[in-house]
Amino acid sequence: MYRKTGTLLTAALLGLTATIGWAVPATAAPAAADAPTFSLSRLVLEPTERGYRGSLRVTITNNSDSTQGFYFQIREAVAGSFSGGAESRCESDGVEEGLLVRTCALPRGNDLAPGESRRATVEFQVLTTPRSYPMIAAGGLVTAYSYETGSLGTVPFSAQFRSLDGKLARPQTYVQDTQANASVQVIGPVTDGPENTRRVPLRVRYAGDARQLGNSLTAAQLPAGSMILFTEPFDGPVYGSQAFVPGGLLMQGEERDVALFISRPTDPADESTPITVALATHYWNETVPDVDPSDNTVTFNLAVAAS
């Protein structure tokens, strides 16, 4: 984690963001001629086959007469939209007003010589269905810091969603779902799997675009000796009662077929014991409420039907 010497501005900047964040690249307030400065590009999210993607570029310039180290802190404009990227050197730094915060280093090192500028790129992805009209989401903030002198200031930014026909002008406000709309169902018979397991085939669906950092499948009433060992697609060993849906975050409207491989119970008679698996959507340290919890659980047992 990087040293921090200031805090983000909050509500006072949000109204200003909606006005200027989508119009022009933003720059911190004027500073003394020899003071370090920073500026932002626009964040334009382009429609793709999988939601929207775009990048924000942060440029820091060392106008002083001595070498200084710099980093910046960024709050996303759309909840759960950070996606990393090859150049991104950011670490999680909590949540502010429901939006993720990252603290980011500069590429090729944080030290800038007198007069030197360096640009960092942060990638974003919004897993919502692309629209025929442009949209905008305000609320993003960037604060840049010098290790030597502290905060260089805070600049607000907005996420601009380009329409399917390429337009950005006259955008509507992007309204993200506040509740998840996920569901799970059993899609086939339980069968024998490797390593003395039973394979349970499931289909997970994510109908909305609510904030998410992962979706879990948690088994309850597991008989003695049984646990989830791994998933299909394989996403590493589990050895417990909870596995995350493999394959990363789910796009709005996406259905994904997965399987749980559960070890057989110690007592073969327990193969008929009902097991419940519950699907939940997670964001930071919270479980996102679901619009219809009734389709978030399935019940089955580990008995294999006679052929």
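Criteria and thresholds
Residues numbered from 1 in each chain as written. Predicted model: local features only at pLDDT ≥ 70, side-chain atom pairs only at ≥ 80, totals over all residues. Heavy atoms only, no water. Disulfide = S-S within 2.5 Å. Helix = DSSP H or I, 4+ residues; strand = E, 2+ residues; numbered from the N terminus. Buried < 20%, exposed > 50% of the residue type's maximum accessible area, 1.4 Å probe, protein only. Contact = heavy atoms within 4.5 Å. Polar contact = N/O pair within 3.5 Å; in protein donor to acceptor, adjacent residues only side chain to side chain. Patch = residues over 30% accessible without salt bridge, like charges linked within 9 Å, V, L, I, M, F, W, Y side chains within 5 Å. Areas by Shrake-Rupley, 256 points an atom, 1.4 Å probe, with all protein chains shown as cover. Salt bridge = Lys/Arg side-chain N within 4 Å of Asp/Glu carboxyl O.

Asks: I'd like a description of the state of the cysteines, backed by residues and values.
Replies: In this structure the tally under the stated criterion is 1 disulfide. At a sulfur-sulfur separation of 2.0 Å, the disulfide partner of Cys 90 is Cys 104. Judged by the sign of its S-S torsion, about 105 degrees, the bond between Cys 90 and Cys 104 is right-handed. Within this pair, whereas Cys 90 is found in strand E6 (residues 90-96), its partner Cys 104 is found in strand E7 (residues 99-104), the two being separated by 14 residues in sequence. Taking relative accessible area as the criterion, Cys 104 reaches 0% and is therefore assigned buried.

Asks: For the environment of Thr 276, give the residues involved together with the corresponding values.
Replies: Along the polypeptide, Thr 276 turns up in strand E20 (residues 275-283). For the pair formed by Thr 276 and Phe 300, sequence separation is 24 residues and the distance between their alpha carbons is 6.7 Å. Once residues within four sequence positions are removed from consideration, Thr 276 is found in contact with Thr 218, Ala 219, Ala 220, Gln 221, Thr 297, Val 298 and Thr 299. Here Gln 221 takes part through its side chain, which lies 3.3 Å from a polar atom of the side chain of Thr 276.

Asks: Could you give an account of a nonpolar patch on the surface, with specific residues and numbers?
Replies: On the surface, a nonpolar cluster with roughly 250 Å² of combined accessible area is contributed by Val 95, Leu 213 and Trp 284. Mapped onto the secondary structure, Val 95 falls in strand E6. Judged by its relative accessible area of 35%, Val 95 falls in the partly exposed class.

Asks: Lay out unusual backbone geometry in plain terms, naming residues and giving numbers.
Replies: Pro 233 follows Glu 232 through a cis peptide bond whose omega is 0 degrees. Considering the arrangement of structural elements, one finds Pro 233 in the loop between strand E17 (228-232) and strand E18 (242-244). A positive phi angle is found at Arg 170, which is not glycine, with a value near 50 degrees. Structurally, Arg 170 can be placed in the loop between strand E11 (150-161) and strand E12 (172-173). For Arg 170, a relative accessible area of 75% gives the class exposed.

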